[in-house]
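Structure assessment
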Amino acid sequence: MKIYVKLFDKEFDVKSSNKAVRSALKMQLEFAKMNNTADKDATEVFATQIGVIDEAELFMKNTLKLTKKQADALDEMDFQETMSAVGYICDRMMGMSDEQIKEDTEKVREDPKK
């Protein structure tokens, strides 16, 4: 499938193979771990956040088949924009359309508990 990634201002051809979908699910699991901090001390929280950044970069490099130049540029990109791009790529790989992603994003902005 073709996925336009605003972060790179480029459209990428992303396969929906079992390997790629497993990688997307692993990335979503890392996001869930990052958001589940109630029973963790500060060092565990920071370690989890660093792990998410590392996993996000690896996910994007492998899933989008980034060139060395694009992969190197990831370290200098905005954190929130990078995480949004990863979330968007995962959603598309899980079968969501741009319209569905937009609707979900608007629902969360209206009521973050949903």
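Within each chain, residues carry numbers counting from 1 in the order of the written sequence. Confidence filtering applies because this is a predicted model: local features only for residues at pLDDT of at least 70, side-chain atom pairs given and counted only at 80 or more, and all residues used for totals across whole chains, interfaces and linings. The side-chain quantities take in all heavy atoms of the structure and omit both hydrogens and water.

1. Things to note about the packing of aromatic side chains
To describe a pair of aromatic rings, one takes the distance between the centres and the angle between the planes. For Phe, Tyr and Trp, where Trp contributes only its six-membered ring, two rings pair if their centres lie within 6.5 Å, and the inter-plane angle classes them as stacked under 30 degrees, edge-to-face over 60, or tilted in between. Scanning the entire structure with this criterion turns up one aromatic pair. Each ring, one from F8 and one from F12, has its centre 5.8 Å from the other, and the planes form 75°; the classification is edge-to-face. Its end group placed over the ring of F12, K10 keeps NZ or CZ at 5.1 Å from the ring centre. Our definition puts a charge over a ring when NZ of Lys or CZ of Arg is within 6 Å of the ring centre and also within 35 degrees of the ring normal.

2. As for the packing of helix α1 (residues 18-35) against helix α2 (residues 42-64)
At their nearest, the axes of α1 and α2 sit 10 Å apart, and the two run at 160° to each other. When the interaxial angle is binned, α1 and α2 end up roughly antiparallel. Two packed elements cross with a definite hand, and for α1 against α2 that hand is left-handed. Facing α1, whose interface residues are S23, A24, K26, M27, E30, F31, K33 and M34, α2 presents T48, Q49, V52, E55, A56, F59 and T63. Lys, Arg, Asp and Glu make up the charged group, whereas Ala, Val, Leu, Ile, Met, Phe, Trp, Tyr, Cys and Pro make up the nonpolar group; the residues left over, Gly among them, are polar. Partitioned by chemical class, the residues of the contact of α1 with α2 number seven nonpolar, four polar and four charged. Fitting a line to C-alpha atoms yields each axis, with helices limited to the stretch in contact; the angle taken between N-to-C directions then spans 0 to 180 degrees. Secondary structure counts use DSSP, requiring at least four H or I residues in a row for a helix and at least two E residues in a row for a strand, with both numbered from the N terminus. Roughly parallel means an angle under 35 degrees; roughly antiparallel means over 145; roughly perpendicular covers 65 to 115; every other angle is labelled oblique. It is the rotation of the near helix from the far one that decides the hand of a crossing: anticlockwise by less than a right angle makes it left-handed, clockwise makes it right-handed. We call two residues in contact whenever any of their non-hydrogen atoms come within 4.5 Å of each other.

3. Examining a positive patch on the surface
A residue counts toward a patch only above 30% relative accessible area and without a salt bridge, and it is joined to like-charged neighbours within 9 Å or, for Val, Leu, Ile, Met, Phe, Trp and Tyr, to nonpolar neighbours within 5 Å. Only the protein chains shown count as covering a residue, and every accessible area follows the Shrake-Rupley method with a 1.4 Å probe. By definition, a salt bridge exists where a carboxyl oxygen of Asp or Glu is found within 4 Å of a side-chain nitrogen of Lys or Arg. Charge counting follows a simple rule: Lys and Arg are positive, Asp and Glu are negative, and His as well as the terminal groups are ignored. The location of each charge is read from NZ of Lys, CZ of Arg, CG of Asp or CD of Glu. There is a patch of like positive charges on the surface, built from K15, K19, R22 and K65. Within the secondary structure, K15 sits in the loop between β2 (10-13) and α1. Judged by its relative accessible area of 59%, K15 falls in the exposed class. Relative accessibility decides the category of a residue: with a 1.4 Å probe and only protein chains considered, values under 20% of the type maximum give buried, values over 50% give exposed, and everything between is partly exposed.

4. Here we look at the nonpolar core
By nonpolar core we mean a set of buried residues, namely Ala, Val, Leu, Ile, Met, Phe, Trp, Tyr and Cys, connected to one another through side-chain atoms within 4.5 Å. By size, the foremost hydrophobic cluster in this structure holds 27 residues, and its most contacted members are V5, F8, F59, M60 and L64. Those elements that place two or more of their residues in this core are β1 (2-5), α1, α2 and α4 (79-93). Examining the composition of this core, we find that seven residues originate from one element, α4, more than from any other. Among residues more than four places away in sequence, those in contact with V5 are K10, F12, L64, A85 and I89.

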